[in-house]
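What follows is the residue order along each chain.
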Amino acid sequence: MQFKRTVVLFFLVCIGSVVQAQIPAGFKPIFNGKNLKGWHSSRTSHQGTTPDVRVEDGAIVLRQQPYGQGGVLLTDKKYKNFELYLEAKIDSFSNGGIFIRSSESGIAYQIELDEAAGSTGNLYGERMPVSTVMQATDLEKVWKPNDWNSFRIRMVGEVPCITLWVNGVQMYDVVQPKNDFVAGATQGMIGLQSHWTALYSPAAGEWNGLNSWAPGAAHRFRNIAIKELEKDVVQ
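Residues numbered from 1 in each chain as written. Predicted model: local features only at pLDDT ≥ 70, side-chain atom pairs only at ≥ 80, totals over all residues. Heavy atoms only, no water.

1. Focus on the pairing of strand 10 (residues 149–156)
Counting buried residues along strand 10, seven of its eight residues qualify, which places the element largely inside the surrounding structure. Bridge count for strand 6 (residues 82–90) against strand 10 is seven bridges, and the pairing is antiparallel. In the strand pairing of strand 10, leucine 86 is matched with phenylalanine 151. With six bridges connecting them, strand 10 and strand 11 (residues 161–166) associate as antiparallel partners. Note that in strand 11 the partner of phenylalanine 151 across the bridge is valine 166. (Buried < 20%, exposed > 50% of the residue type's maximum accessible area, 1.4 Å probe, protein only. Helix = DSSP H or I, 4+ residues; strand = E, 2+ residues; numbered from the N terminus. Pairing = 2+ DSSP bridges.)

2. A word on the confidence of the model for the chain
Counting all residues, the mean pLDDT for the chain is 88, and 83% of those residues have values of 70 or more. In the predicted structure, residues 5–21 sits below a pLDDT of 50 and forms two contacts with residues beyond four places in sequence or in another chain. (pLDDT = per-residue confidence, 0-100. Contact = heavy atoms within 4.5 Å.)

3. Re unusual backbone geometry
Put simply, glutamine 65 and proline 66 share a cis peptide bond, and its omega is -15°. Within the fold, proline 66 resides in the loop between strand 4 (59–63) and strand 5 (71–75). A positive phi angle, near 55°, is found at arginine 101, a position not held by glycine. Structurally, the position occupied by arginine 101 is in strand 7 (residues 96–102). The class for arginine 101 is buried, based on a relative accessible area of 1%.

4. Side note on the side chain of glutamate 126
Locating glutamate 126 in the fold gives a position in strand 9 (residues 123–126). In this structure glutamate 126 is buried but unpaired, with arginine 127 as the nearest side chain of opposite charge at 5.6 Å. Here glutamine 47 takes part through its side chain, which lies 2.9 Å from a polar atom of the side chain of glutamate 126. Once residues within four sequence positions are removed from consideration, glutamate 126 is found in contact with His46, Gln47, Phe99, Gly106, Ile107, Ala108, Gln110 and Gln193. (Lys, Arg positive; Asp, Glu negative; His and termini not counted. Salt bridge = Lys/Arg side-chain N within 4 Å of Asp/Glu carboxyl O. Polar contact = N/O pair within 3.5 Å; in protein donor to acceptor, adjacent residues only side chain to side chain.)

5. Section: the side chain of serine 42
With respect to the secondary-structure elements, serine 42 resides in the loop between strand 2 (39–41) and strand 3 (52–56). Of note is the side chain of serine 42, whose polar atom sits 3.1 Å from the backbone nitrogen of serine 45. In contact with serine 42, other than residues within four places in its own chain, are Gly48, Thr49, Val72, Leu74, Glu104 and Ser105.

6. Overview of the nonpolar core
Residues Phe151 and Ile224 are the most contacted members of the largest nonpolar core, which totals 41 residues. Sequence-distant contacts of isoleucine 224, that is, excluding residues within four places in its chain, are made with Lys28, Pro29, Ile30, Phe31, Trp39, Ile60, Leu84, Tyr85, Leu86 and Leu192. Counting five residues, the second-largest nonpolar core is a separate cluster that includes Val72, Phe99, Ala108 and Met189. (Core = buried A, V, L, I, M, F, W, Y, C linked by side-chain atoms within 4.5 Å.)

7. A short note on the sheet that holds strand 8 (residues 108–113)
Spatial strand order, 2-5-13-7-8-9: six strands in an open sheet with antiparallel pairing. Taken across any chain shown, the strands that pair with only one partner, and hence form the sheet edges, are strand 2 and strand 9. Each strand of the sheet is rotated relative to its neighbour by a mean of 30°, with strand direction disregarded. Both strand 7 and strand 8 contribute to a ladder of five bridges, which runs antiparallel. Residue pairing across strands places glycine 96 opposite leucine 113, the latter belonging to strand 8. (Axes fitted to C-alpha atoms, helices over the stretch in contact; angles between N-to-C directions.)

See the structure below:
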């Protein structure tokens, strides 16, 4: 019996090691898997300022709170040139995004997360126009619905060059023709967004699937890590 317990414990330790090993070499974790140390919710985002953000089973989980009000979870630290790695699991009929070089109010370049709209992985601007919008046209070849998927995002340069890989496959690599931030910002926070909902009212008693966030939906993020790059050019 003791031998069996030892084998089971060894197996569980190995499983935990595999999860940690999914972070690429050279990346530093910016989420400890236990609490939200190093992160804060924006109090100035138009998406909402009271999102339900908690840690569950080693993952950051974002939900609306109250229903209809989203929000943005931001790193305390700002980054300039970097590669970001994380794994995301997003519920159907929910809209959010990964913000890069975000301001406190959530003005940022954004990697969209919205399976229902078919726009997951696309490069947009949040609260600002982006000169060159990109689409993750090969996403369906690698995407695992209702499961964990890895995102690796590189952002370098005062005029941003943005590269996205999903599950290890490159989706695009684009140099913007200009810095799209109004004030020309060259650094900002990493953000995780839960979108606000415009069309649904609890008083209506039903939900028709046309909104940005279904009741009870959640976005989950784990193994969040970053590699800061010293120069504006890709090594």
